[in-house]
Amino acid sequence: MQTLLIKEANKENIDIAADIIKNGGLVVMPTETVYGLGANALDKNAVTNVYKAKGRPMDNPLIVHLSTANDAEKYAYTNELFYKLADRFMPGPLTVILPKKDIVPYEVSCGLDTVAIRVPSNEIAHRLIETSGCPIAAPSANLSGKPSPTSFAHVVEDMNGRVDAIIDGGECDIGLESTVIIIKDESAEILRPGKITYEELKEIIPDIKINSAVKNQCTDEKVASPGMKYRHYAPSAPVFLVEGNDNDIINFFKTKQQTENCGILCFSEDEELLLSKNVLTFGRSDDETSQAHELFDKLRRFDNMNVERIYARIPSDKGVGLAVYNRLIRAAGFDIIKANNIQE
Ligand code: AMP
Ligand code: MG
């Protein structure tokens, strides 16, 4: 398949991309979180092609992207809490799961009676959805299992030849996927953490919970959000998280640098303490926003370094850090090493 690479999101090109969506094709669009692989959410064939292009298992449902929160009631049974959340966080990086209406095909929800709704704030995504006149089902535009794409170059690497068009929107602002929550009766649960934090959501939903799969391994067939059971976000070389005090971690990294062909993913302030060999940084230890923005790009870069293993710092699990922690621990397949156990 020939992929149209759209470098400029002017009106003429957005019209072309919207026509592709209307005609059942696939368009990769930038969003404020990560790039999304979009199709008309009401077209079963187009939606099925999304799974094929990504190599995504057919039991991992897609998020439906809308141009305004008011459109949600066309596709889902909304309630008061949804509109409270929408007032505060939409457009923006929040996905809300609600009971679905029949108009949404089961191909989108993978047989579930719920649908995930999001209103992206990225201007290009907004114009594409509005111009195409249909809801756009879009997972992250990476090949299944790889880190989500946060730049045009990442998407071209994964999707050139597999989709009809890719729109260049530069680097994604946030760099991690949306916060996913499910509304249950009058309360809610976080299924996937993101830029909108537990602490922020708590201001609107005081008893909001965090699903146990956010921080723990979960292979249960009945997991609330099917995406949480897969190995995810992974570069080619295996990733290991390293735990311990700062000194022990730096010593661990240095010893590994001397004895193995490895890559190190660390905080910016660690860099000068290490050998300058296959070290990538993803922000200061106290800068979770930068860690979120950098993580996927840095994980992808290790693929070009031919390292056999990657050792990474564990971020804080507070605020946006929880989202960084959640992605990194999955990239590592939950492999955590204690730094003070190193064999010298
Ligand atoms: P991605 O499309 O890569 O951003 O992933 C979307 C995430 O939302 C995955 O973890 C899905 O499992 C989750 N998701 C989408 N729709 C639903 C739904 N109806 N119920 C539960 N989780 C969902
Ligand atoms: Mg994804």
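Below, the structure is looked at part by part.

**Some details on the sheet that holds strand S13 (residues 262-266)**
If you walk across this open sheet you meet the five strands as S14-S13-S15-S12-S16, and the pairing is parallel. Looking at strand neighbours, the two that pair on one side only are strand S14 (279-281) and strand S16 (336-338), the edges of this open sheet. Within this sheet the neighbouring strands show an average axis-to-axis angle of 30°, counted without direction. When strand S12 (residues 239-243) meets strand S15 (residues 309-313), the two strands line up parallel, connected through four bridges. Bridge pairing links Leu241 to Ala312 in S15. Taken strand by strand, helix H9 (residues 246-259) contacts S12, S13, S14, S15 and S16, and its axis lies near 165° from that of S15. Set on the sheet, helix H11 (residues 321-331) makes contact with S12, S13, S15 and S16; between it and S12 the angle comes to about 125°.

**Overview of the side chain of Asn13**
Examined against the element boundaries, Asn13 turns out to sit in helix H1 (residues 11-22). From its side chain, Asn13 meets the backbone oxygen of Glu8 in a polar contact 2.8 Å long.

**Quick look at the sheet that holds strand S10 (residues 187-192)**
Spatial ordering of the open sheet is given by S1-S8-S2-S3-S7-S4-S6-S5-S9-S10-S11, a layout of 11 strands whose pairing is mixed. Of all the strands in the sheet, the pair left with one neighbour each is strand S1 (4-6) and strand S11 (209-210). The sheet contact formed by S10 and S11 spans two bridges and is parallel. Its bridge partner being in S11, Ile190 is matched across the sheet by Ile210.

How each quantity is defined
- Residues numbered from 1 in each chain as written.
- Chains lettered and ligands numbered in written order.
- Predicted model: local features only at pLDDT ≥ 70, side-chain atom pairs only at ≥ 80, totals over all residues.
- Heavy atoms only, no water.
- Pairing = 2+ DSSP bridges.
- Helix = DSSP H or I, 4+ residues; strand = E, 2+ residues; numbered from the N terminus.
- Axes fitted to C-alpha atoms, helices over the stretch in contact; angles between N-to-C directions.
- Contact = heavy atoms within 4.5 Å.
- Polar contact = N/O pair within 3.5 Å; in protein donor to acceptor, adjacent residues only side chain to side chain.

Everything listed here is a matter of coordinates, which is why it stays silent on function.
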